[in-house]
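Chain residues, written in single-letter form:
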Amino acid sequence: MSKRSPNRVSPFTPSPEQMACWPDISGNKINGVGEAGMRRPSRIMWHDPDTQPHGQLQNWFWKQGANQPELREKRTERQKVINVELPPIADEKQQVDPADASDRIRQLALDAGADLVGIIPVQDEWVFEGYDFDYPWMVILGVAMDFDKLATAPEITAGMEVVDKYTYGWVVARPAANWIRSRGWRAEPKGGPLAGPVNLLPAAIECGFGELGKHGSLINRQLGSRFRLSAVFTDLPLVADGEDRFGADDFCAGCQVCVRACPVDAIGNDKVLVRGEHKWYVDFDRCMPYFAETFGCAICIAVCPWSKPDRAPVLADRWTRISQRRHDPDGRN
Ligand code: B12
């Protein structure tokens, strides 16, 4: 039986113009596939193009979008939001109780429209190679994506929703950053599309946003795979949140929806050793060519069974129980 779903756009042949932009090195090698040792991630995409082997390809991707008037307009709006100047940091550093500060930050982000907020100390192995980064804390924010728009993936409507939600990620991060600065501490908001200094997924997992799915994105117990991330980096001492596990990893092990839907077979059924961790991994060299010609694809998160509106809480409830029975059948823990 073929694992291909009937509606796959296959086979896909990338355009010669795109392929001319590809470097000789495999993106999977850059990501550290097969490496047993832990190390910082290397820059693969969405950094300064002159500092990464796939920089020319990144420029080509930007150009494709710039040729689409609607997308270009949304990108321009986003840039305006990114460019808003930060208020100065107050001269006098106020001592704020970490628990009170964390509550305040969480509330500010929620009031600004964030759907998820988590707080975590930054770990060295999350920081991309080559960045000078000296913030000890980060606040991570999640903003939900519109399911109907996402479901059009790989059409441009899904790509435009990605741009909109990147813009919104900046909007929801600014009030917390501004408040921290008004107390005399350093704080910087950081949204997409550029990667910035920190690999966000391991940080978001650690502060309770959910589990890594087979499709290489997070699965959250409320929003499934349908959300984007932004962050605030700060030196204000805060209180860390903990992980949230509810069986998504076990669910993914037995589900093949994204594997079958991926037009370019970039998603596998087995975990892969990447920089010292066995984890779900999406093949960069297969994913990227299609991504580059579909304004960011997003089929994998659109078809994920957890992404359907109202579905994630039901699945989380069910899979918490299944997973508990599987891993602790006698209920000893
Ligand atoms: C570069 C990048 C890409 C690249 C390459 C990704 C890659 N895996 O090689 C491309 C363009 C292909 C891409 C595609 C997509 N991306 Co992308 N991408 C990024 C970006 C900017 C940097 C991540 C990176 O460099 N990864 C390469 C290396 C470091 O990856 P890795 O070692 O394999 O580690 C990955 C995971 O295994 C996990 N991870 C890393 N360490 C550890 C440790 C442990 C213990 C665990 C459990 C997991 C874990 O996190 C990493 C995320 O890629 C982030 C934003 C950010 N600052 O983090 C968004 C980001 C990860 N992408 C995102 C999304 C949604 C997508 C797409 C669905 C596209 C879309 N239209 O939305 C696809 C999915 C394909 C995929 N999963 O690979 C979201 C995920 C949000 C979420 N809810 O999970 C992010 C966070 C953007 C955002 N701000 O919201 N992406």
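Residues numbered from 1 in each chain as written. Predicted model: local features only at pLDDT ≥ 70, side-chain atom pairs only at ≥ 80, totals over all residues.

S.K.: If you had to explain helix H7 (residues 156–182) to someone new, which residues and values would you point to?
M.R.: Helix length check: H7, at 27 residues, gives a terminal C-alpha distance of 40 Å against a target of 39 Å (1.5 Å per residue), a fit within 8%. The element H7 is extensively covered by neighbouring structure, given that 19 of its 27 residues are classed as buried. Taken from the residues just after H7, Gly-184 is the one with a positive phi, measuring 90°. (Helix = DSSP H or I, 4+ residues; strand = E, 2+ residues; numbered from the N terminus. Expected span 1.5 Å × (residues − 1). Buried ≥ 20, exposed ≤ 12 C-beta atoms within 10 Å, placed from the backbone.)

S.K.: Let's hear about helix H3 (residues 55–66): which residues, and what values?
M.R.: For H3, which comprises twelve residues, the first-to-last C-alpha distance of 17 Å matches the rise-based estimate of 16 Å (1.5 Å per residue) to within 8%. Inspection of H3 places Leu-57, Gln-58, Trp-60 and Phe-61 among the buried residues, and these make up the whole buried set. In a view along the axis of H3, the buried residues occupy a sector of 160°, so they form one face of it. Facing away from the buried side of H3 by over 90 degrees, the exposed positions are Asn-59, Trp-62, Lys-63 and Ala-66. On its buried face, H3 sits against helix H1 (16–19) and helix H11 (284–292). (Arc of directions from axis to C-beta. Contact = placed C-beta atoms within 7 Å.)

S.K.: Now, about the confidence of the model for the protein: what can you tell me, with residues and values included?
M.R.: Mean pLDDT over the protein: 95, with 96% of residues reaching 70 or higher. Counting interchain partners and residues more than four positions distant, the pLDDT-below-50 stretch residues 1–7 has seven contacts. (pLDDT = per-residue confidence, 0-100.)

S.K.: Tell me about the packing of helix H5 (residues 98–112) against H7, and please be specific about residues and values.
M.R.: Working note: a packed helix pair is described by the angle between its axes plus the distance between those axes. As a packed pair, H5 and H7 sit with axes 8 Å apart at the nearest point and diverge in direction by 145°. Here the hand of the crossing between H5 and H7 comes out right-handed. Facing Arg-104, Ile-105, Leu-108, Ala-109 and Ala-112 of H5, the residues of H7 in contact are Val-171, Val-172, Pro-175, Ala-176 and Trp-179. When its residues are assigned to classes, the contact of H5 with H7 shows nine nonpolar, no polar and one charged. (Axes fitted to C-alpha atoms, helices over the stretch in contact; angles between N-to-C directions. Left-handed = near helix turned anticlockwise from the far one by under 90°. Nonpolar A, V, L, I, M, F, W, Y, C, P; charged D, E, K, R; others polar.)

S.K.: Break down the site of the ligand for me, with residues and values.
M.R.: Around the ligand sit 38 residues, and of these Pro-41, Leu-201, Gly-216, Ser-217 and Leu-218 come closest. Within the shell around the ligand, the residues separate by chemical class into 25 nonpolar, nine polar and four charged. (Near = placed C-beta within 6 Å.)

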